[in-house]
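The residues making up each chain are set out below.
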Amino acid sequence: MGSIKGGRKRLVTGAVATVTAGLAFGAFAVSGTASGATNHAGATTAGVTDHARPTVVLEHGAFADGSSWNGVITALRADGYPVVAAANPLRGPASDAAALRTVLDHVKGPKILVGHSYGGNVISEAATGDPDVKALVYVAAFLPAPGESALELTNKYPGSTLPDALDPVTYQQADGSTATDLYIQQDKFRHQFAADVPAGQAALMAAEQRPIAQSALTEKATSAAWKTIPSWDIVTTRDLNIPAAVQRFMAKRAHSHTTEVAASHSVAVSHPHLVADVIERAAHATVR
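Scoring rules and cut-offs
- Residues numbered from 1 in each chain as written.
- Predicted model: local features only at pLDDT ≥ 70, side-chain atom pairs only at ≥ 80, totals over all residues.
- Heavy atoms only, no water.
- Helix = DSSP H or I, 4+ residues; strand = E, 2+ residues; numbered from the N terminus.
- Buried < 20%, exposed > 50% of the residue type's maximum accessible area, 1.4 Å probe, protein only.
- Areas by Shrake-Rupley, 256 points an atom, 1.4 Å probe, with all protein chains shown as cover.
- Phe/Tyr/Trp six-rings, centres within 6.5 Å; stacked < 30°, edge-to-face > 60°.
- Lys NZ or Arg CZ within 6 Å of the ring centre and 35° of its normal.
- Contact = heavy atoms within 4.5 Å.
- Axes fitted to C-alpha atoms, helices over the stretch in contact; angles between N-to-C directions.
- Parallel < 35°, antiparallel > 145°, perpendicular 65-115°, else oblique.
- Left-handed = near helix turned anticlockwise from the far one by under 90°.
- Pairing = 2+ DSSP bridges.
- Salt bridge = Lys/Arg side-chain N within 4 Å of Asp/Glu carboxyl O.

Participant: I tried to follow the overall build of the protein chain on my own but got confused; where do I start?
Facilitator: Along the protein chain, the regular secondary structure elements total nine helices and eleven strands. In the protein chain, buried positions account for 56% of the 288 residues. When the accessible surface of the protein chain is summed, it comes to about 10,900 Å², and 53% of that surface belongs to carbon and sulfur atoms.

Put into structure tokens, the structure is as follows:
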């Protein structure tokens, strides 16, 4: 694919995560406070018993940290769901999926696996062959087929303005080779990534963002768990990172249960109750 600098090629990415872990409900739990605007779709725990309630495992994407899930975590925990937000290294789908599998192996019992943006690449690989993952939930995310990359999918339809917002940083690795990390320019972060998030909160997100390895966006998927595991998909129609047309294409191909919302790429921050509601619907449909 070649080097990607100055935003000359379309790229893609996602949302934000750091782990705040503590044992609760028999699994890791991440504490947080509700944030952003809410569109509560009437979440209910009907249909899922206390004993059958699965653990929700959240995987963030690029340009963010675990605080992006705070509102979602708060809503899920209020409804009795154990939750863990995994730390995504953002180095490449294969190695990131291996890291996520260590979390999945540690959390016992049925699980609902949720990925935002590039986190969709990771959960699609990590969940393959795992019988405890009962449903996949994609949040403004990639659902790659084997052989596809995030960059390739983003370029499938026009609409991403991410290239012009990027801030690439090239550095020397221990073996003497060079690599490039990608950030979003802080003064462009809110418009590009979180247009429907309050300005003060978006400024904090911009300062706290974690970079993704440029090579992660061109690394091709090797498996697609959505081919065998039921999936739900939240399509964000005001997304400037992954165009809505791309999201719809992937959701249709995967036969996902799709919810569309007029939201930015940071829908988990701006609409946490809607995201939590879709996750709970996936749990209701697959765990009894």
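Participant: How should I be thinking about the packing of aromatic side chains in this particular structure?
Facilitator: Ring pairs (aromatic) are described by centroid distance and by the angle formed between their planes. One pass over the full model with this rule turns up three aromatic pairs. Across from the ring centre of Tyr81, 5.2 Å away, lies the NZ or CZ of Arg53, which sits over that ring. Note that Lys156 overlies the ring of Phe249, its terminal NZ or CZ placed 4.6 Å from the centroid.

Participant: How do you make sense of helix 3 (residues 119-126) when you look at a structure like this?
Facilitator: Owing to its 3.6 residues per turn, the α-helix aligns residues three or four sequence positions apart on the same side. Burial analysis of helix 3 places eight of its eight residues in the buried class, the great majority of the element. Among the residues of helix 3, Gly119, Gly120, Asn121, Val122, Ile123, Ser124, Glu125 and Ala126 are the ones counted as buried. Those residues of helix 3 hidden inside the fold are in contact with strand 3 (55-59), helix 2 (93-106), strand 5 (111-116), strand 6 (133-139) and helix 4 (150-154).

Participant: When you look at the environment of Arg281 in this model, what are you seeing that I'm missing?
Facilitator: Mapped onto the fold, Arg281 is located in helix 9 (residues 272-286). Since its relative accessible area comes to 35%, Arg281 is described here as partly exposed. Separated by 144 residues in the primary sequence, Arg281 and Val137 have C-alpha atoms spaced 10.0 Å apart. Those residues in contact with Arg281, other than ones at most four positions away along the chain, are Trp232 and Thr259.

Participant: Mind showing me how you'd approach the packing of helix 1 (residues 70-78) against helix 9 here?
Facilitator: Two quantities define a packed helix pair, namely the angle between the axes and the distance from one axis to the other. Relative orientation of the contacting elements helix 1 and helix 9 amounts to 50°, with a least axis distance of 8 Å. Taken together, the axes of helix 1 and helix 9 are oblique relative to one another. The interaxial crossing formed by helix 1 with helix 9 has right-handed handedness. Each of Gly71, Val72, Ala75 and Leu76 in helix 1 lies in contact with helix 9, whose residues at this interface are Pro272, His273, Val275, Ala276, Ile279 and Glu280.

Participant: For this particular structure, what's the right way to read the sheet that holds strand 8 (residues 178-184)?
Facilitator: Strands sit in the order 7-8-9 across an open sheet of three strands; the sheet is antiparallel. Looking at strand neighbours, the two that pair on one side only are strand 7 (166-172) and strand 9 (212-213), the edges of this open sheet. The pairing of strand 7 with strand 8 spans seven bridges and is antiparallel. Pairing of Thr170 across the sheet is with Thr180, part of strand 8.

Participant: Is there a simple way to explain unusual backbone geometry in this structure?
Facilitator: Negative phi is the rule for most residues except glycine; trans is the rule for most peptide bonds. Even without a glycine there, the phi angle at Ala140 is positive, about 45°. The residue His255 is not glycine, and still its phi comes out positive at about 55°. Tracing the backbone shows His255 in the loop between helix 7 (244-253) and strand 11 (257-261). Using a relative accessible area of 70% as the deciding quantity, one classes His255 as exposed.

Participant: Just checking my understanding: could you explain the pattern of salt bridges for this structure?
Facilitator: Pairing is possible between side chains of opposite charge, provided their charged atoms come close. Overall, the coordinates contain six salt bridges when judged by the stated rule. A salt bridge links Glu152 to Lys220; the shortest N-O distance between them is 3.8 Å. Separated by 68 residues along the polypeptide, Glu152 in helix 4 and Lys220 in the loop between strand 9 and strand 10 (231-236) bring together distant segments of the chain. Close ionic contact of Glu260 with Arg248 constitutes a salt bridge, the shortest N to O distance being 2.6 Å. Residue Glu260 is found in strand 11, and its partner Arg248 is found in helix 7; the two are separated by twelve residues along the sequence. Judged by its relative accessible area of 38%, Arg248 falls in the partly exposed class.

Participant: Explain the pairing of strand 5 here, please?
Facilitator: Side chains on a regular strand alternate between the two faces of the sheet. With respect to burial, strand 5 is a largely interior element, six of its six residues being buried. Residues of strand 5 alternate between two faces, with Lys111, Leu113 and Gly115 on one and Ile112, Val114 and His116 on the opposite face, all of them buried. Judged from the five bridges that link them, strand 3 and strand 5 form a sheet pairing that is parallel. Residue Val57 lies in a different strand from strand 5, and its bridge partner there is Leu113. Where strand 5 lies against strand 6, six bridges are found, and the strand directions are parallel. Pairing of Gly115 across the sheet is with Tyr138, part of strand 6.

Shape is all these values report; function is a separate question.
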